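# Structural overview for review
Listed below, chain by chain, are the residues.
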Amino acid sequence: MISELLYIISKYGPLLLEGLKTTFIITLISYFIGFVGGISIAITRTFLHKALKVFAHIYVELFRGTPMLVQLFFVYYALPEMGIRFDPILSSIIAIGLNSAAYQSEYIRSALSSIPYAEIEAAYSIGLTRFGAMLYIALPQAVRIAIPTLTNEAIYLFKYSSIAYFVTAPELMYMGKLVATQTFLYVEVYTVLAIIYVIFSIVLSGIARYIEKKLQIPGYIV
Amino acid sequence: MRDKLLIVEDLWKFIDGKPILRGVAFEINEGETKVILGPSGAGKSTLLRCINLLVMPDKGKIIFDGEDILGKRDIHSVRSKIGFVFQHFNLFSHMTALENVMFGLIKVKKMSKNEAEKKAKGALAAVGITEELWDKYPAQLSGGQQQRVAIARALAMEPKLILFDEPTSALDPELIWEVLNVMERLAKARMTMIVVTHEIGFAMRVADEVMFLDNGVILEKGAPEQVILNPRNERVKRFMDRMKYVYSIGKGNVY
Ligand SMILES: Nc1ncnc2c1ncn2[C@@H]1O[C@H](COP(=O)(O)OP(=O)(O)O)[C@@H](O)[C@H]1O
Ligand SMILES: [Mg+2]
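Model, not experiment: these values are computed from the prediction. Position numbers for residues count from 1 along each chain, tracking the sequence in the order it is written. A letter from A marks each chain and a number from 1 marks each ligand, given out in the order of writing. It should be noted that, the model being predicted, local features are given only for residues of pLDDT at least 70 and side-chain atom pairs only at 80 or more, the latter also being counted only at that level, while totals for whole chains, interfaces and linings use all residues. Side-chain figures throughout are based on the complete set of non-hydrogen atoms in the structure, without hydrogens or water.

### What about the overall build of chain B?
Heads up, the rule is: The helix count covers DSSP runs of H or I at least four residues long, the strand count covers runs of E at least two residues long, and both are numbered beginning at the N terminus. Only C-alpha atoms enter the radius of gyration; for comparison, a globular chain is expected to reach 2.2 Å times N to the power 0.38, where N is the number of residues. Throughout this description, buried means an accessible area under 20% of the type-specific maximum (1.4 Å probe, protein chains only), exposed means over 50%, and partly exposed covers the range between. A contact between two residues is defined here by any heavy atoms of the two lying within 4.5 Å. In these tables, accessible area is a Shrake-Rupley quantity obtained with a 1.4 Å probe, and a residue counts as shielded only by the protein chains included in the view. Working convention for charge: Lys and Arg count positive, Asp and Glu count negative, and His plus the chain ends are omitted. Every charge is mapped to an atom, namely NZ of Lys, CZ of Arg, CG of Asp or CD of Glu.
For chain B, the helix and strand inventory stands at nine helices and 10 strands. Against the globule reference of 18 Å for 255 residues, chain B gives a C-alpha radius of gyration of 18 Å, in line with a compact fold. Each principal axis of the C-alpha distribution contributes one length, and for chain B these read about 55 × 45 × 35 Å. Residues counted as buried form 56% of the 255 residues belonging to chain B. Long-range pairs, those at least 24 residues apart, make up 65% of the contacts in chain B with a sequence separation of at least 6. Summed over its atoms, the accessible surface of chain B is roughly 11300 Å², and 48% of this surface lies on carbon and sulfur atoms. If you average the places of the 37 positive and of the 33 negative side-chain charges in chain B, the two averages end up 2 Å apart.

### Looking at the sheet that holds strand β4 (residues 59-64) of chain B
Note on sheets: strands pair through backbone hydrogen bonds, and any given pair is parallel or antiparallel. Residues and elements named next belong to chain B. Filter applied, for reference: Only strands that DSSP links by at least two bridges are regarded as paired with each other. Lines fitted to the C-alpha atoms define the axes, with helices restricted to the stretch that makes contact. Angles between their N-to-C directions range from 0 to 180 degrees.
Pairing in this open sheet of four strands is antiparallel, and the strands run β2-β1-β4-β5 from one edge to the other. Of all the strands in the sheet, the pair left with one neighbour each is β2 (18-29) and β5 (67-68). Note: β4 against β5, two bridges, orientation antiparallel. Each bridged residue has a counterpart across the sheet, and for Phe 64 the counterpart in β5 is Glu 67. Sheet strands touched by helix α1 (residues 44-51): β1 (4-15), β2 and β4. Its angle to β2, the strand with the most contacts, is close to 60 degrees.

### Regarding helix α6 (residues 173-188) of chain B
All names here are of chain B. Basically, it comes down to this: Here the expected length of a helix is defined as 1.5 Å per residue gap, with one fewer gap than residues.
With 16 residues, α6 should reach 22 Å at 1.5 Å per residue; the first-to-last C-alpha distance of 23 Å fits that figure. Restricting attention to buried positions, one finds in α6 the residues Leu 175, Ile 176, Glu 178, Val 179, Leu 180, Val 182, Met 183, Glu 184, Leu 186 and Ala 187. Tucked into the core, α6 has its buried residues touching β3 (33-37), α5 (143-156), β7 (161-165), β8 (193-196) and α7 (200-206). Downstream of α6 by a residue or two, Arg 190 has a phi angle that is positive, lying close to 65 degrees.

### A short note on the site of ligand 1
Residues and elements named next belong to chain B. The test is simple: Throughout this document, a residue counts as near a molecule or strand when at least one of its heavy atoms sits within 4 Å of that molecule or strand. Whenever two N or O atoms come within 3.5 Å, that pair is a polar contact, provided that in protein one can donate a hydrogen and the other can accept it, and provided that, for residues adjacent in sequence, both atoms are side-chain atoms. Residues are grouped as follows: nonpolar covers Ala, Val, Leu, Ile, Met, Phe, Trp, Tyr, Cys and Pro; charged covers Asp, Glu, Lys and Arg; every other residue, Gly included, is treated as polar.
Every residue close to ligand 1 is listed here: Ile 15, Lys 18, Ile 20, Pro 39, Ser 40, Gly 41, Ala 42, Gly 43, Lys 44, Ser 45 and Thr 46. Between an oxygen atom of ligand 1 and a main-chain N or O atom of Lys 44, the distance comes to 2.8 Å. Calculation on ligand 1 without its partners gives an accessible area of 560 Å², and the protein chains cover 57% of this total. Looking at which element gives the most residues to the shell around ligand 1, the answer is α1, with three residues. Of the residues contributing to the shell around ligand 1, the split by class is four nonpolar, five polar and two charged.

### Quick look at the environment of B:Ile162
Residue and element names in this part refer to chain B. With respect to the element layout, Ile 162 can be found in strand β7. Residues Ile 162 and Glu 220, 58 residues apart in the sequence, show an inter-C-alpha distance of 22 Å. In this structure Ile 162 touches Gly 83, Val 85, Leu 155, Met 191, Thr 192, Met 193 and Ile 194, once residues within four positions along its chain are discounted.

### Side note on the side chain of B:Lys34
Residues and elements named next belong to chain B. Mapped onto the secondary structure, Lys 34 falls in strand β3. Relative accessible area serves as the criterion here: at 2%, Lys 34 is assigned to the buried category. For Lys 34, the residues in contact, after removing those within four places along its chain, are Phe 26, Glu 27, Ile 28, Met 193, Ile 194, Val 195, Glu 209 and Met 211.

Next up, the structure:
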């Protein structure tokens, strides 16, 4: 077993690394889309006008209520029928990013609702607008509170970006499958993949804990 | 006429159909300190919040600095001219003491960072918050220090009027002094202030006029000696007797 593992790593390492790179690209960009989108949706649902609120709510329910794979297939197979065509990697980024926005918006929204209204009111009392109070007082604190769940989301995306395999995006899972069918070493190849996923998940949580510490407000116990 | 900084006329506020303020009316001149006394639930906080439009009154008039502010569209600029000091300080917990004070100067008054910093440091110094505390976060400060930072935050905006809503009610007795002391100095410097408090000693020393609010109505107003020591109204008298007992002033009857 060990010798087979080493064989895979030495012979197919570069290929798997190529896949890992794509996995990271999909994860990072879709996470970023999810973060920016999530914040926008959370703000809309917490602070903005009725009509927009309803729209944002529908978005969240839609993307949380359907499997991510269905969303990915919709982007990759259904949109081209309407003349909108993306390559496999971009399709994955879009589908995973839009899906993550729905989830991240919920994490940020619940954090926003836990910010003491007293501080928002204090901001009003010195002349800030609703938007200003939200942007400078509520949001920075909400993001801090949401960091643990936002981190989980990043690790989750790192693993579930593997669904990009289904639309032939050459990410880690896809490359692994290639190697496995070539070598017939299914157990060994998927063991290597599992190890890679675990290692980087642990690295990601380490980075997250570091950020969490960095952003901690002295004397403030959440 | 110009030195009437604030005129409140026939102010009404209903919450859930219940009248909370019932035709409150008073005036305050520039440089005056007015103290509002009254039992809890009387509507004191609601009255203060109406004045800086954190709560919108249902009826009546508020003329501030010569302008009818209830008709104004830009409530934010009105609020930036009226300071508010809260019972629980309400400092921004993710900002240091200095940042708390600079924040409004930069975001509302659009000052440069340097200018704001200089001004904020001046305001902090004025309330006795010394340099080693500037970079502390609210959670690292005592209640008295937090409240003084909050006062500095209001002061730095150069408001024409500061509203204090029970600024010492959340403080340990020893810390009450340091906050009252700052407020007394402000009053001596002719800052216009409306103070809701239970500190009748402070009212005796500092107030130009005391108003007693109960059930959304001003039952009595006048010089502190009169309202606190010799109230005419029975309800006010009963309240003051109890206050005098708590604060050990004279020999009040205890009911
Ligand atoms: N947002 C609110 N919702 C419901 N009731 C309120 C609200 N604000 C104030 N009240 C009611 O109005 C009355 C006066 O409150 P308040 O102005 O806080 O009194 P005070 O400051 O004199 O203790 C109380 O009975 C209180 O319950
Ligand atoms: Mg109150």
